[in-house]
Amino acid sequence: QLVADCGIRVYPVGRLDMDSEGLLLFTNDGEFANRLMHPKHEVQKTYLTWVEGFSEAALQKLKQPITLDGYRIHPPRVRVVKLGLLEITIHEGRNRQVRRMCAAAGMTVQRLLRISEGPLQLADLPKGKWRYLTPSEVEGLK
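Just so you know, the residues in each chain are numbered from 1, in the order the chain's sequence is written. Owing to the predicted nature of the model, reporting of local features is limited to residues with pLDDT of at least 70; listing and counting of side-chain atom pairs is limited to 80 or more, with chain, interface and lining totals taken over all residues. Processing note: side-chain calculations cover all non-hydrogen atoms of the structure and skip hydrogens and water entirely.

Undergrad: Please explain the overall build of the chain as it appears in this structure.
TA: Each helix and strand counted, the chain has four helices and 10 strands in total. Numbering of helices and strands runs from the N terminus, with a helix taken as a DSSP run of H or I at least four residues long and a strand as a DSSP run of E at least two residues long. Put simply, the chain runs from its N terminus to its C terminus through helices and strands in the order β-β-β-α-β-α-β-β-β-β-α-β-β-α. Here the globule rule reads 2.2 Å times residues to the power 0.38, and the radius of gyration is calculated from C-alpha atoms. Its C-alpha atoms give the chain a radius of gyration of 16 Å, within 12% of the compact-globule value 14 Å for 142 residues. In terms of its C-alpha atoms, the chain occupies a principal-axis envelope of roughly 50 × 30 × 25 Å. Residue burial is assigned from relative accessible area. The probe radius is 1.4 Å, only protein chains are included, and a residue is buried under 20% of its type maximum, exposed over 50%, and partly exposed in between. Expressed as a percentage of its 142 residues, the buried residues of the chain come to 39%. The contact criterion used throughout is that any non-hydrogen atoms of two residues lie within 4.5 Å. Long-range contacts, defined as pairs at least 24 residues apart, comprise 62% of the intrachain contacts of the chain with a sequence gap of at least 6. Using a 1.4 Å probe, the Shrake-Rupley method yields the accessible areas, and only the shown protein chains count as cover for residues. When the accessible surface of the chain is totalled, it reaches about 8,600 Å², and 51% of it is carbon and sulfur. When charges are counted, neither His nor the chain ends are considered; positive counts come from Lys and Arg and negative counts from Asp and Glu. For charged residues, the charge sits on one atom: NZ in Lys, CZ in Arg, CG in Asp, CD in Glu. For the chain, the separation between the mean place of its 21 positive charges and that of its 16 negative charges on side chains is 3 Å.

This is the structure in structure tokens:
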């Protein structure tokens, strides 16, 4: 419904679970989608993450590599914005990865907002709205 009026059939690049919000890309180019989603291309995704149970020990544990689904994931880049609000950057994008990493560190995610993917920024795009990428944004993602 969100992109019904874009003029062509498009597919999401990756996903956001039903409890998450923020930047989500759509395309009709399968090769482009694969380039953005496949972990080998290491496209960074950054999230603002509101957590409960924050402590210095939990933060240190979050910054360590962990195993999810039998796969050892790369440690995220984590920046403390303020107490209980973290900026977490990953590039693998496994199922509910940020939530599961936080849980493994002893924290519960209260809210998760994807604010960037690669060079793209969510900026001030209102919730439930979409826009076309500029040619330079598409080139930046390639």
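Undergrad: Got a minute to help me understand the environment of L62 in this structure?
TA: Structurally, L62 is set in helix α2 (residues 56-62). Spatially, the C-alpha atom of L62 lies 6.4 Å from that of M101, the residues being 39 residues apart in sequence. Look past the residues within four positions of L62 in its chain and what remains in contact with it is P76, V78, L86, I88, M101, C102, A105 and M107.

Undergrad: Please clarify how the packing of aromatic side chains should be interpreted in this entry.
TA: Aromatic rings in a pair are described by how distant their centres are and how their planes are angled relative to each other. Pairs were defined over the aromatic rings of Phe, Tyr and Trp, the Trp ring being its six-membered one, requiring ring centres within 6.5 Å. Orientation was assigned from the angle between planes: stacked under 30 degrees, edge-to-face over 60, tilted for the rest. Taken as a whole and judged by the stated rule, the model has one aromatic pair. A ring pair is formed by W130 and Y132, whose centres lie 4.9 Å apart and whose planes are at 80 degrees; its orientation type is edge-to-face. Taking relative accessible area as the criterion, W130 reaches 27% and is therefore assigned partly exposed. Residue classification places Y132 among the exposed residues on the basis of a relative accessible area of 54%. For a lysine, the NZ atom is tested; for an arginine, the CZ atom; a charge sits over a ring if that atom is within 6 Å of the ring centre and within 35 degrees of the ring normal. It is R111 that lies over the ring of W50; its NZ or CZ is 4.4 Å from the centre.

Undergrad: I would appreciate a short explanation of the side chain of T27 in the present structure.
TA: Looking at the secondary structure, you find T27 in strand β3 (residues 25-27). The definition of a polar contact used here is a pair of N or O atoms within 3.5 Å, where within protein one atom must be able to donate a hydrogen and the other to accept one, and adjacent residues in sequence count solely through side-chain atom pairs. Here D29 takes part through its backbone nitrogen, which lies 3.0 Å from a polar atom of the side chain of T27. Among all residues touching T27, those that are not within four sequence positions of it are V10, Y11, V13, F32 and A33.

Undergrad: Teacher, can you tell me more about the nonpolar core here?
TA: The nonpolar side chains of a soluble globular protein tend to be buried, and buried together. L62, L86, I88, V98, M101, C102 and M107 are the most contacted members of the largest nonpolar core, which totals 19 residues. For this core, the secondary-structure elements that each account for two or more residues are β4 (45-52), α2, β8 (85-90), α3 (97-104) and β9 (108-117). As used in this record, nonpolar core signifies buried Ala, Val, Leu, Ile, Met, Phe, Trp, Tyr and Cys residues forming a set joined through side-chain atoms within 4.5 Å. Counting residues in each nonpolar core, the second largest holds 14 residues, with L25, L85, L113 and I115 among its members.

Undergrad: Is there a simple way to explain the pattern of salt bridges in this structure?
TA: Here the idea is simple: oppositely charged side chains can pair when their charged atoms come close. In what follows, salt bridge is the name for a side-chain nitrogen of Lys or Arg lying within 4 Å of a carboxyl oxygen of Asp or Glu. Considering all chains together, one arrives at eight salt bridges under this definition. With a shortest N-O distance of 3.0 Å, D17 and R96 are connected by a salt bridge. Of this pair, D17 sits in the loop between β1 (11-13) and β2 (20-22) while R96 sits in the loop between β8 and α3, placing them 79 residues apart in sequence. For R96, a relative accessible area of 35% corresponds to the partly exposed category. Of the charged contacts, one joins R100 and D69 as a salt bridge, the two residues approaching to 2.9 Å between their closest N and O atoms. In this pair, R100 sits in helix α3 while D69 sits in the loop between β5 (67-68) and β6 (71-72), placing the two residues 31 residues apart along the sequence. Owing to a relative accessible area of 26%, R100 belongs among the partly exposed residues under this scheme. What emerges from the salt-bridge pattern is a single network uniting D17, R96 and R99.

Take it as geometry only, folks, not as evidence of what the structure does.
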